[in-house]
Amino acid sequence: MPVQMGRRPLLVGLVAGFIAGPAQARPPFRLRKDPQPLLSPPIQDEAGTTRVLGDFAGRVILLNIWATWCPPCREEMPALDRLEGLLGGPDFAVLPLCIDEGGIERGRGFYDEIGLVNLPLYWAEPLRVQLALAFIGLPTTLLIDRETREIGRLQGPFDWGSDEAVRQISDLL
């Protein structure tokens, strides 16, 4: 006989995942055993150069898709800035990909407003990013291996300064 559940417990269970804060005490990614190739939207840097994900091959990349109008995105950017300062270099980079309709200038204004100093700034057209990377909601973060294949994906905010995040990324370097 099927177990019946009342509407209230079911709704509470469904809503709890949406109102929970950043995940704690666990690594951010469940690593894929089968790395997946990625399509790349055109990515613009602050100098106006158009790049693709393949331009970053050879390093582990933490690709964070964000927008200035997204409160959880804004909240996690300082931790991503510190992570880039701690681990960034020839083997690892945080690639924050702003998808604001206002372009890269809006992202620059936000960086200046909150004092981000370690993170580079990249921008891409929102629809092209959506079509290439098939993300649902912001922020979405992809962990990309040295061959520019996706090895992990996280939807929603995370505490990028946590020991678990630093350890999981460091173990890949």
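Please refer to the structure higher up on the page.
Predicted, not measured: the structure shown is a model, and the values here were computed from it.

Engineer: Can you walk me through the state of the cysteines in this structure?
Structural biologist: One way to say it: the disulfide is the covalent bond shared by the sulfur atoms of two cysteines. One pass over the full model with this rule turns up one disulfide. There is a disulfide in this structure between C70 and C73, and the S-S distance comes to 2.4 Å. Across the S-S bond of C70 and C73 the torsion is about 75°, and the bridge reads as right-handed. A residue is classified by how much of its surface remains accessible, and C73, at 0% relative accessible area, is buried. Considering cysteine sulfurs only, C73 is the nearest to C98, which forms no disulfide, with 9.2 Å between them. What makes C98 buried here is its relative accessible area of 0%.

Engineer: For this particular structure, what's the right way to read the packing of helix α2 (residues 71-87) against helix α5 (residues 163-172)?
Structural biologist: Angle between the axes and distance between the axes are the two parameters that describe a pair of packed helices. Between α2 and α5, whose axes approach to 12 Å, the crossing angle comes to 40°. The angle between α2 and α5 places the two elements in the oblique class. Once α2 is placed against α5, the crossing between them reads as right-handed. Residue-level inspection shows L83, L86 and L87 of α2 in contact with α5, the latter providing V166, I169 and S170.

Reading the values: the criteria
Residues numbered from 1 in each chain as written. Predicted model: local features only at pLDDT ≥ 70, side-chain atom pairs only at ≥ 80, totals over all residues. Heavy atoms only, no water. Disulfide = S-S within 2.5 Å. Buried < 20%, exposed > 50% of the residue type's maximum accessible area, 1.4 Å probe, protein only. Axes fitted to C-alpha atoms, helices over the stretch in contact; angles between N-to-C directions. Helix = DSSP H or I, 4+ residues; strand = E, 2+ residues; numbered from the N terminus. Parallel < 35°, antiparallel > 145°, perpendicular 65-115°, else oblique. Left-handed = near helix turned anticlockwise from the far one by under 90°. Contact = heavy atoms within 4.5 Å.

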